[in-house]
Amino acid sequence: MTRRTTKLAGFAGAAATLLATTALPTTASAEELRFAIGWPPNTNASNSFNTFGEVLSAETGGEMTAKVYPLSLLNFLESTSGVRDGIADLTTILLPYFLSDFPVSNFGTELAALTDLVVEDGDRVGIVYAGAYMEWAMLNCPECMGEFSKNNSVFLGGGSSTRYHLICNKEVNTLEQLQGARIRAGGAWWARWASAMGATPVSMSINETFEGLSQGVLDCSASSNPELFNFGFIDVAEFVTTGAPGSQFPSATAVLNKDVWLEASDEEKTALLKAGAALGAAITYVYIEESQNGVAEAEKRGIPVKQAGPELMKKSRAHTEADASTAVANYTEKFGLQEGEAKVAKMKELIEKWDGLTKDIAGEEALAELYFTEIQSKLDLSSYGQ
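Residues numbered from 1 in each chain as written. Predicted model: local features only at pLDDT ≥ 70, side-chain atom pairs only at ≥ 80, totals over all residues. Heavy atoms only, no water.

Colleague: Would you mind going over the overall build of the chain with me for this structure?
Modeller: What the chain contains, in helices and strands, is 16 helices and 11 strands. Relative to a compact globule of 386 residues, whose C-alpha radius of gyration would be 21 Å, the chain shows 21 Å and is just as compact. When the backbone C-alpha atoms are referred to their principal axes, the chain occupies close to 75 × 45 × 40 Å. Taken over 386 residues, the chain has a buried fraction of 58%. For the chain, the exposed area adds up to about 15,100 Å²; of that, 49% sits on carbon and sulfur atoms. (Helix = DSSP H or I, 4+ residues; strand = E, 2+ residues; numbered from the N terminus. Rg over C-alpha atoms; globule rule 2.2 N^0.38 Å. Buried < 20%, exposed > 50% of the residue type's maximum accessible area, 1.4 Å probe, protein only. Areas by Shrake-Rupley, 256 points an atom, 1.4 Å probe, with all protein chains shown as cover.)

Right, dumping it as structure tokens:
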């Protein structure tokens, strides 16, 4: 079978071997991969995806590149089928949107709230959990990688949002005010949290949430503060409650079509993985910056930004401490999860590890190098993504 990447001239030795053994054109040209994402264009989140192409180009001497298509080729709900079917070469998959396709991978995302019990800084939780989740999924969860393979895709790297708060069109700051409130829940963890607090969870795509808030279909969205900008929530927000519900949203930020992966040389695969690690660091840092900017802009516009009331915080933390066992029971019953408690224990171990590794991290490039060194560089290229 002719490889798409045989057009590449990135590594002289590999190219010479290919030219000697196959009938190929003598003129080489760069391979441009299509990276379709669900973020709107001209946002810092979508712009951060240029990092993937920059690193990929640098690592392959310009012979493999990536062009980003923000909210055009695919939206978030189309991502899994889009990369599976080759509509795009790369995409970001928000795993909770595809629970039946990625049950074990999703189980790991539901453990993100455990970071809140270790890391106080609501912005740094993303740095810690992105590392913990990638190591958990890529190096310790063969079932997770099998789920990607079944969907004709390969997980290259992930990032994470900052801590989730309540972005509301009215004041919702106390346990009493939460009773019956309609809360957009982007995943099962937040749905369970809303129900435990006496609120009503509403399942809705992030791309539909602005309209839900503006029309009063929702009272609040459980979201990270950067969504004030990324999806325009700041134009309909009337109140922001920090500290609750907590947790964060890790994503499979860089997911590659499996056919493209299998056609790649080991050098190209390494470049793709380095680009995946760099993107994970880039978008995680973007979320930190935008979290801080979002709060500042909300306050500038006179939108109250207040810590959740003490009773709400107490009940929310108790829910976080107990919920991992609930998740194990749910996933065991619905999806036949194996060794759930052991998976939780491993995640707790990795959160502690990554809390220590990243306490003094000095910027995005250092974080990208740390992610790659500790995670992607340890993958066996002869078997990964098969």
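Next comes the rest of the write-up.
Colleague: Which parts of the structure should I look at to understand the sheet that holds strand β7 (residues 200-203)?
Modeller: Strand-to-strand pairing in sheets goes through backbone hydrogen bonds, with the strands running parallel or antiparallel. Ordered by their spatial adjacency, 6 strands build an open sheet running β7-β6-β8-β5-β9-β11, and the pairing between neighbours is mixed. Two strands close off the open sheet at either side, each with one partner strand: β7 and β11 (305-307). When strand polarity is set aside, the average angle formed by the axes of neighbouring strands in this sheet is 30 degrees. This element, helix α10 (residues 206-214), spans β5 (164-168), β6 (182-185) and β8 (220-224) of the sheet and lies at about 140 degrees to β8. (Pairing = 2+ DSSP bridges. Axes fitted to C-alpha atoms, helices over the stretch in contact; angles between N-to-C directions. Contact = heavy atoms within 4.5 Å.)

Colleague: What is the right way to read the sheet that holds strand β2 (residues 64-70) from this model?
Modeller: Pairing within the open sheet is mixed, and its 5 strands lie in the order β2-β1-β3-β10-β4. Each having just a single partner strand, β2 and β4 (153-160) make up the two edges of the open sheet. For this sheet the average axis-to-axis angle between neighbouring strands, irrespective of direction, equals 25 degrees. Helix-sheet contacts for helix α3 (residues 50-59) involve β1 (31-37), β2, β3 (90-93), β4 and β10 (250-257), and the interaxial angle to β2 is about 170 degrees. The sheet contacts of helix α13 (residues 266-300) involve β1, β2, β4 and β10, and relative to β4 the element is tilted by about 25 degrees.

Colleague: Explain the packing of aromatic side chains here, please?
Modeller: Each aromatic ring pair is summarised here by two numbers: the centre-to-centre distance and the angle between the ring planes. Scanning all chains against the criterion turns up 17 aromatic pairs. A network of ring pairs unites the aromatic residues Phe35, Trp39, Phe49, Phe52 and Phe76 as a single cluster. (Phe/Tyr/Trp six-rings, centres within 6.5 Å; stacked < 30°, edge-to-face > 60°.)

Colleague: It is not clear to me how the state of the cysteines should be interpreted in this structure. Could you clarify?
Modeller: One way to say it: the disulfide is the covalent bond shared by the sulfur atoms of two cysteines. Enumeration according to the criterion identifies 2 disulfides in this entry. Here cysteine 141 engages in a disulfide with cysteine 144; their sulfurs sit 2.1 Å apart. Taking the sign of the S-S torsion, about 75 degrees here, the bridge from cysteine 141 to cysteine 144 comes out right-handed. Covalently, cysteine 168 is tied to cysteine 220 through a disulfide, its sulfur atoms 2.1 Å apart. Negative torsions about the S-S bond denote left-handed disulfides, and the value of about 105 degrees found for cysteine 168 with cysteine 220 makes this one right-handed. You can see cysteine 168 sitting in strand β5 and its partner cysteine 220 sitting in strand β8, a full 52 residues away along the chain. The buried category is assigned to cysteine 168, whose relative accessible area is 0%. (Disulfide = S-S within 2.5 Å.)

Colleague: What am I meant to see in the pairing of β3 here?
Modeller: Side-chain direction in a regular strand flips from residue to residue, so the side chains alternate between the two faces of the sheet. Alternating residues of β3 divide into Leu90 and Thr92 and Thr91 and Ile93, and every residue in both groups is buried. Pairing geometry for β3 and β10, over 3 bridges, is antiparallel. Bridging across to β10, threonine 91 finds its partner in valine 255.

Colleague: What's the story with the packing of helix α6 (residues 124-140) against α13 in this structure? I'm lost.
Modeller: The geometry of a pair of packed helices is captured by two quantities: the angle between their axes and the separation between those axes. One can describe the packing of α6 onto α13 by two numbers: an axis separation of 9 Å at closest approach and a directional angle of 150 degrees. When the axes of α6 and α13 are compared, the pair comes out roughly antiparallel. At the point where α6 passes α13, the crossing takes the right-handed sense. Of the residues in α13, those in contact with Gly126, Ile127, Ala130 and Met138 of α6 are Leu273, Thr284, Tyr285 and Ile288. Tallied by class, residues from the contact of α6 with α13 come to 6 nonpolar, 2 polar and no charged. (Parallel < 35°, antiparallel > 145°, perpendicular 65-115°, else oblique. Left-handed = near helix turned anticlockwise from the far one by under 90°. Nonpolar A, V, L, I, M, F, W, Y, C, P; charged D, E, K, R; others polar.)

Colleague: Whenever I open this one, the nonpolar core confuses me. Can you help?
Modeller: Soluble, globular proteins show a tendency: their nonpolar side chains are buried together. Residues Phe52, Trp136, Phe155, Leu156 and Leu178 are the most contacted members of the largest nonpolar core, which totals 119 residues. The greatest single-element share of this core, amounting to 13 residues, is contributed by α13. If sequence neighbours within four positions are ignored, phenylalanine 52 has contacts with Phe35, Ala66, Leu90, Leu156, Ala254, Leu272, Ala275, Gly276 and Leu279. (Core = buried A, V, L, I, M, F, W, Y, C linked by side-chain atoms within 4.5 Å.)

Colleague: Can you help me understand the pattern of salt bridges in this one?
Modeller: Two side chains with opposite charge may pair up if their charged atoms get near one another. Tallied over the entire structure, the rule returns 18 salt bridges. Here lysine 346 and glutamate 349 are joined by a salt bridge, their closest N and O atoms 3.1 Å apart. You can see lysine 346 and its partner glutamate 349 sitting in helix α15 (residues 340-358), 3 residues apart, about one turn around the helix. Here lysine 346 falls in the partly exposed class, since its relative accessible area comes to 24%. You can call glutamate 349 partly exposed: its relative accessible area is 47%. A salt bridge links aspartate 355 to lysine 359, with the shortest nitrogen-to-oxygen separation between them at 3.3 Å. When salt bridges with common partners are traced through the structure, they connect Glu135, Lys353, Glu374 and Lys378 into a single cluster. (Salt bridge = Lys/Arg side-chain N within 4 Å of Asp/Glu carboxyl O.)

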